[in-house]
Each structure stands twice: as C-alpha cells, then as structure tokens.
Amino acid sequence: MTNYNNELDYFFRPEAIAVIGASENLVSYGTRYIQALLDFGYKGKLYAVNHKGDKVLGYKIYRKLADIPDTIDLAFITIPSRFIVDIVKECIEKGIKAAVLFTAGFSETGEQGRIIEQQIVQIAEKKIRIMGPNCFGPYCPEGVITVVTGGDFSKEAGTVALTAQSGQLSECIIGRALGEGIRYSKVASYGNASDINESDLLEYLMQDDDTKIITSYLEGVKDGPQYFDIARRNSGKKPLIIWKVGLTQIGAAASSSHTGSLAGTDTAWNAFFQQTNAIPVSTLDELTDTTVGFSCIPEGCGLRVAYVSGGGAGTVIGADACEISGMKMPDFAAETEAKLRELLPNIGTSSRNPVDIGNPHPPLELLEALLETMSADENIDIIVIRRVLFSVKMSKIFSGTTAPPEEQQQALLEVPVRVRNKYKKPIIIILPEDLTGVESIELEVERRNIRDYFFANGIPVFLSEQRTFNALSNLVKFRVGSGKDIIPEKIHKSVSSENRKIFLDILKKSDRNILDEIQCKTILKEYGINVTEPVLAKSEDEAVSVANNLGYPMVMKIISPQITHKSDIGGVKLCLQNEDQVKNAYGEIMTAVKEKTAEAVIEGVSLQKMAEPGLELVMGMTKDPQFGPMLMFGLGGTFVEVIKDVSFRIVPLTNKDAGDMIRQIKAYRMLEGYREQPAVDIEYLEKLLLKLSEFIEENPEIKEMDINPLIAYSDGAVAVDARIILDRKQ
Ligand code: ADP
Ligand code: MG
C-alpha cells in the first residue's frame, strides 16, 4: 500500500485510477490516456467510466463511478465541461482524493466557464483536490504515471521537477530536457489552477525528497504574496529555476507618487528574484542549459573561470561571453602560470587565462596535466574546455591521416572525468553542434553519445560560449544555505495597534485619499521615524508667531489638498532667517499658488525647522498588482524621476533585503562618502527600511507613499517631506 504523506501524492503515485470519459472511440482523450498509461507501463488498477458503458482496450466501461468495486486514488476526467460539476460530486461520494480535470472550456473561455470553475472549487473544498481544468496533469516515472501523449516519455526517474500551467508547453520542455539526459522526479501541468496552483506545487516539491531541482514555467501567480513567501523559504535549499513570461503591468501613468511612477513593468519580478534567490531564465534553451548545469553541479558554482581552448580563435569569443554574463576569467596564481608554461609548447600557445593549447587534439597526458594544474589553483572555481576534439569522427575530418589513433581519442574522454573526480572542481565542455553540420548525421549521433557520457559523469556539455556562460552565471546565483536571511522581529516594540490608532483617527477625520505633509509626518513620527515637524499657520500673522516660536532658519510650505508637488508651483520657501522673510515668503507663496493653481483650496502654510544639509535620499512604497507592497530606496530630491537611481523590494523585507537594496543603487559610493560628501549612516537607513516595511504591513490602507527627501547624515537621517496616498477599500 502506498504511503501518502501529502494529499498531492495521490496525483503522482496513484494505485487505482478511474478514467472518466474513456469510450470505445479510440481517439477520445480518455481512451488515449488509458493507452498512454499502458504504453508507459502503469501497473496499478485502471478503470474506465462512461455513462454509455461498453468496452475499451479490453477494459469494461463502468456506467457510474459508484459501480466500481474498488477504492480509487485518482480520477482523470475528460468529459465536457457542463457535466463536470456532477462528476466531481460523484468523485467525492466515492471517496476519491484527487482529480485531474483535463477538459478545457472554463475560465479561460469567459464568464460562463468561470462560473462553472468556481462551482467546482466550492464543491471540492477540502474533500478532493483538483488539478486543472484545462491541463495535462502529472508525469511521474516513480509512480509510473504519464500525461495523455506521454506514453513514450522516459520511464527512468530523475531529480528534476517541472510545473507549468500549459500542458503543451510542459510536453515541449520535457521533450527537450529528456533529449539532454535530464530525468524527472515529478511534473505537473496544472492548467487554470482553479484549486492546485503554483504555490501548492512549490511547497510540495520543496519537501519532496525525490526532487533536487525545481523548474517552473510561469505565466502568472494566483497568490503573489503566498508564492513569494514559499519561494523565499526555499532560498538556499533547492535551485528554483523560473521561466517567467508576460511581465505584470503596473499602473505607472496613473500614479501620483514618485515611487508609483518609478516602478516599471518588471520591477516586482526583479525584486522577487533578488529576494528569493530563484533563478530567472527567459528562453527554453536557457531553461534547459541551466537545468543541465544544476543536474551536474547541484550546489551551484563560483564566478572564477579557467578557460582552455584547443585553438586561439575562440578564446576571445569566450572572454567576451564570460564578461557579458558577469563571470570572471582571473589571472592564474604565479605558480600555476609557470607550470602551464612548462607544459605547453612555446610557439602558438598561451599559458595565461584564457589558455590556448594550440592544438584541438592534445595528447592525453598534456590535457590531464593542464586540467590538474588549473584545478589546483585556488583562484579558480570552474574550468571550461572548448574546441578539444573529443570526437573520433571529427578528428578524422580535421586531421585526416595525422589524426590520433581511435583508442587514444576514446581515452581522452576519461581525462576530464578523472580530473574532476580528483579535485571536485566543476569542469564544463563546449561541444558546438555546428561542427556536426560539416558531414553527416553520424557525427551528430557521436556528439550526443559524447554529451551523454559526460552528463552521466557530472560534466555538463553546452553548445556555444554564450550559452555556456549564461548557464554558468545562473549557477553562480544559487548558493546552498544562502537562505538564512530573516524577517526581523518587530523593531517597533510598543503595541502596534496603538500606533495604528493615530493613522485610523486621521483616516476618520477626513475623506481625502491624499494626506497632506502635516498628516503624513504625524503618522511617521508615531512610528518612530525622525521628521522635521511642521506646524500649520492659517494667516501671515500666525506664520510669523509660529516662526518666532520655532526659531530660525526655517522652511515654509503650502498646505493644499490639490497640491502634492509643492515646489513645482513655488509652494516651498527655504532658509527663512527672520520675520520679514517669513512675511515675504507667505505673500510670494500665496501669489504663486493663486497664479498657477487657481482652483486649489488653500488650508494655510506649514512651518518647520530647516534641516541641516546632508545627502537627499528617497524611501517609498507602491503596490504591485501581483505581489502587493514594494518598498523603494534611492537618490532623492526634486530630480528623483530624472535620475531614476532606485531599487525595489517586496514587503516584508529581511535585513539582507534592506542592506542589498541600499547597496544596489548606482550612487552607493556617494553613500559611503565621496569627495565633499561624508559617509552616511547606512545601518540607520537599513533599520529605517525595516521599520517602513513593518509600517506598511500594519497599515494596508496605504496605497502609495514617498518620503522625499529623506536627508541622511553621518549619524541618522530625517524625513523633511512625506506623501501618503490611500486606498480605503483595503
Ligand atoms: P515637494 O516635494 O512637494 O516639492 P518638499 O517638501 O520636498 O516639496 O520640498 C522641496 C525641497 O526643499 C526638498 O527636496 C528639500 O531639498 C527642500 N526642503 C524641504 N523641506 C526642508 C527642510 N525642512 N529642511 C531642509 N530642506 C528642505
Ligand atoms: Mg518632496
């Protein structure tokens, strides 16, 4: 009896399957599914169900599920959508725990379909798990279960899992991968994700002992924050390779905050990848290469490449591809270089990185000695071999009668494997397929055999320099155990509901959705964020007396619900030194505002202390439709949208996220101190970002916000302007 630890196990290792919709018609999908399972070697019990009865492929067709004299683990349903609600009810009555809805014609087709889909989910709730509709379901060699057209898929189990909504695309990915030698633990095509979605599958695969690498083709996610949370928990555990298509559109144009308008279409996904350590790929080739890479080098690899070529020409291509991918080709240690110089002939070779052997079929001993020398170098993480002719046929074409004897060439194949096993340093081979275009299909067959041999021995083979370095740079992104970043305990120790009360009070008092500077700063101050406190004055006289109380130098700003960018219309006066200047400023602001925005309702002016000069930064928040709130950090001030030097992270932030997003901006050197600009208090800024992350989580009614500028000093920072935009429906 199969031991089911997780309800999703029923999909991958069912012992009894009922195929609902199988018929005597051999082209019906139900029947094709039975055929595929038989071809694949399914050993469990199979039952066909169709209200018309009859026989199919030697199986009796039951008219009703209830008539089957057995318990069923999985129902595979291929009947038209209008009958499915009733069938799901029958499945529940029969005690079935899992159903694949192969049938299309649901939410992907419009409102009618969406309603039926919803009905199914409601009926299914907690009683049966549904994969689909509009999907191919699971492929799992261990459970000897495959998809409708997967009778010929490999029966050998591997360690790679794949999830994709689209059935056809999963077939296409599996097909390519199998050809490269990749073998799967579990694959799920989950269609419209009415019940089981990418989050369920990711959580399941993360815990699945048979799965070491998770790959995923993603169009969108049902629940962004949940998916983000699970992916982040996986960080540093299993490589998660995501081929993401169709990036989200954010309403940048409609935004009234800087943060909103600075977030682009792929901002949230970029942040997602940085925060989860998941690996983004953008083509089928890249997905396949990266999967091959991780299959051979599961722990990922370092940046520093030793590149060795059987000829000089390709070294430049390799060096370029390396540089573009972000990998490095460092100098060898002096003793390595000296040893290489000794090993290589003086003429037509190079003993520096990239190494040129000057000969595409080097003697065995020479190749072995070269690889050993480079493997022993501590400056090197990984070795890439190109244009060494491992192919006997190729060698004959190139060298004719002077080609090395066949046995020697066969023995050449073992050299990289031996060295890799001895030094445990990854070795990669580039074996271009265009070489095989020269002659015949036998060359391609030989090339594949060579590739399979290396793959089986943990050495990935790639087709070109570019694809090699692209895949390797993806391997660099993953580091086992790198997922130790934590979301800090509440920094804000006092009871959060107390702080939130002030925010809710302000919300209650007015029905505006854009809070003014005074309201924003009151809230921020309550959360322990340092602000220049503004005081409202409704007349010139009031302004003078407030100013005298506060002390000089000081700043005056317009307060009007219609004016969010105050300095644009002459609504900010800085550095006021005395009563006269306050009076003048008041008059000038009123004239400017009336001239530029006649319709604006003026509530008065705010007066506040002039902050000391420092580095003007921005911190802000905007909401992504899929992932929710994202924090922004960058160079601030009135030119923030021109400079666009900002970084984003999805909320909640870990301490690592806060550190990374600060270090990621181009102007980071300025933050560390540059020319007259002294270093700013980076630790304080990190804490402030974490505090904001917490603040945002506590107050979901905030739709967008900016603190711009936040003036940073060598000790602390102060918010001199703030803007909060609400969405009260939250
Ligand atoms: P807005 O962004 O609506 O135009 P701000 O309040 O940000 O208005 O003011 C514009 C600029 O004036 C800021 O970018 C900052 O350089 C400066 N500024 C504003 N308030 C202060 C202050 N209290 N201390 C020092 N400089 C200030
Ligand atoms: Mg501002």
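To be clear, the structure that these remarks concern was listed above.
Everything numeric here is computed off the predicted structure, so don't read it as measured data.

Overview of the overall build of the protein chain
When its secondary structure is counted, the protein chain shows 25 helices and 29 strands. Projected onto its principal axes, the C-alpha positions of the protein chain cover 100 × 85 × 45 Å. The 730 residues of the protein chain split such that 57% are buried. Of all intrachain contacts in the protein chain linking residues separated by at least 6 positions in sequence, the fraction that spans at least 24 positions is 72%. Accessible surface for the protein chain amounts to roughly 31,200 Å². Of this, 50% is attributable to carbon and sulfur atoms. Averaged over its 80 positive side-chain charges, the protein chain has a centre that lies 3 Å from the centre of its 100 negative ones.

Digging into the coordination of the magnesium ion (ligand 2)
Every protein donor of the magnesium ion (ligand 2) is accounted for by Asn708 (O) and Asp721 (OD), and the metal-donor separations fall at 2.2 Å. Taken together, the residues asparagine 708 in strand S27 (residues 702–712) and aspartate 721 in the loop between strand S28 (717–719) and strand S29 (722–726) connect sequence positions 13 residues apart.

Quick look at the packing of helix H15 (residues 406–423) against helix H16 (residues 441–456)
Orientation of H15 relative to H16, taken along the N-to-C sense of each, is 25°, at an axis distance of 10 Å. The orientation of H15 with respect to H16, classified from their angle, is roughly parallel. Between H15 and H16 lies a crossing of right-handed hand. Facing Leu413, Glu414, Pro416 and Val417 of H15, the residues of H16 in contact are Ile450, Tyr453 and Phe454. Looking at the contact of H15 with H16 residue by residue, the classes come out as 6 nonpolar, no polar and 1 charged.

Topic: the environment of alanine 369
Note on placement: alanine 369 falls in helix H13 (residues 364–376). For the pair alanine 369 and serine 189, spaced 180 residues apart in the sequence, the C-alpha separation amounts to 48 Å.

Description of the pattern of salt bridges
Applying the stated rule across the entire model yields 41 salt bridges. Between lysine 45 and aspartate 70 there is a salt bridge, with its nearest N and O atoms 3.3 Å apart. Placement of lysine 45 in strand S2 (residues 45–49) and of aspartate 70 in the loop between strand S4 (59–62) and strand S5 (74–77) is noted, with a sequence separation of 25 residues between them. A salt bridge links glutamate 465 to arginine 386; the nearest nitrogen and oxygen atoms lie 2.7 Å apart. Of this pair, glutamate 465 sits in helix H17 (residues 465–477) while arginine 386 sits in strand S16 (residues 382–386), and the two are 79 residues apart along the sequence. Each member of the pair glutamate 465 and arginine 386 is classed as buried. It is possible to trace a salt-bridge network through shared partners that takes in Glu7, Arg129, Asp195 and Asp200.

Looking at helix H3 (residues 84–93)
Looking only at H3, the buried set comprises Ile84, Val85, Ile87, Val88 and Cys91. The buried residues of H3 occupy an angular sector of 165° when the element is viewed end-on, so they sit on one face. Those residues of H3 hidden inside the fold are in contact with strand S1 (16–20), S5, strand S6 (98–101), helix H4 (111–124) and strand S7 (129–131). A positive phi of about 80° marks glycine 95, the residue just after H3.

So, the site of ligand 1
Taken together, 19 residues are adjacent to ligand 1, and Lys557, Lys566, Ser567, Ala611 and Glu616 come closest. Taking lysine 557, its side chain carries an N or O atom lying 2.7 Å from an oxygen atom of ligand 1. The side chain of arginine 723 places a nitrogen or oxygen atom 3.3 Å from an oxygen atom of ligand 1. With the chains in place, 92% of the 540 Å² that ligand 1 exposes on its own is no longer accessible. Its atoms largely coinciding with the cavity grid, ligand 1 occupies the largest pocket. Counting residues per element, the ones that place at least two in the shell around ligand 1 are strand S21 (554–559), strand S22 (572–576), strand S23 (604–609) and S27. Broken down by class, the residue content of the shell around ligand 1 amounts to 7 nonpolar, 6 polar and 6 charged. Mapping the shell around ligand 1 onto the domain boundaries places at least three of its residues in each of domain 4 (533–609) and domain 5 (615–726).

Observations concerning helix H12 (residues 334–343)
Within H12, the full set of buried residues consists of Thr336, Glu337 and Leu340. Each buried residue of H12 sits inside an arc of 95° when the element is viewed along its axis, so together they form one side. Exposed residues lying more than 90 degrees from the buried face of H12 are Ala334, Glu335 and Glu342. The inward-facing, buried residues of H12 abut strand S15 (355–356) and H13.

Things to note about the packing of aromatic side chains
A complete count under the given rule lists 22 aromatic pairs for this structure. Plain terms: the ring middles of tyrosine 227 and phenylalanine 272 are 5.7 Å apart, the flat faces sit at 5° to each other, and that makes the pair stacked. Linking tyrosine 227 in helix H7 (residues 224–234) with phenylalanine 272 in helix H9 (residues 267–276), this pair joins segments that are 45 residues apart in sequence. Take phenylalanine 272: its relative accessible area is 0%, and that puts it in the buried class. A network of ring pairs unites the aromatic residues Tyr227, Phe228, Trp269, Phe272, Phe273 and Phe627 as a single cluster.

Parameters and conventions
Residues numbered from 1 in each chain as written. Chains lettered and ligands numbered in written order. Predicted model: local features only at pLDDT ≥ 70, side-chain atom pairs only at ≥ 80, totals over all residues. Heavy atoms only, no water. Helix = DSSP H or I, 4+ residues; strand = E, 2+ residues; numbered from the N terminus. Buried < 20%, exposed > 50% of the residue type's maximum accessible area, 1.4 Å probe, protein only. Contact = heavy atoms within 4.5 Å. Areas by Shrake-Rupley, 256 points an atom, 1.4 Å probe, with all protein chains shown as cover. Lys, Arg positive; Asp, Glu negative; His and termini not counted. Charge placed at Lys NZ, Arg CZ, Asp CG, Glu CD. Donors = N, O, S within 2.8 Å, 3.2 Å for Na, K, Ca; no water. Axes fitted to C-alpha atoms, helices over the stretch in contact; angles between N-to-C directions. Parallel < 35°, antiparallel > 145°, perpendicular 65-115°, else oblique. Left-handed = near helix turned anticlockwise from the far one by under 90°. Nonpolar A, V, L, I, M, F, W, Y, C, P; charged D, E, K, R; others polar. Salt bridge = Lys/Arg side-chain N within 4 Å of Asp/Glu carboxyl O. Arc of directions from axis to C-beta. Near = heavy atom within 4 Å. Polar contact = N/O pair within 3.5 Å; in protein donor to acceptor, adjacent residues only side chain to side chain. 1 Å grid on protein atoms, 1.4 Å probe; cavity = no way out; pocket = protein on both sides within 12 Å on 5 of 7 lines; lining within 4 Å. Sits in = over half its atoms within 2 Å of the grid points. Domains from an automatic or database assignment. Phe/Tyr/Trp six-rings, centres within 6.5 Å; stacked < 30°, edge-to-face > 60°.

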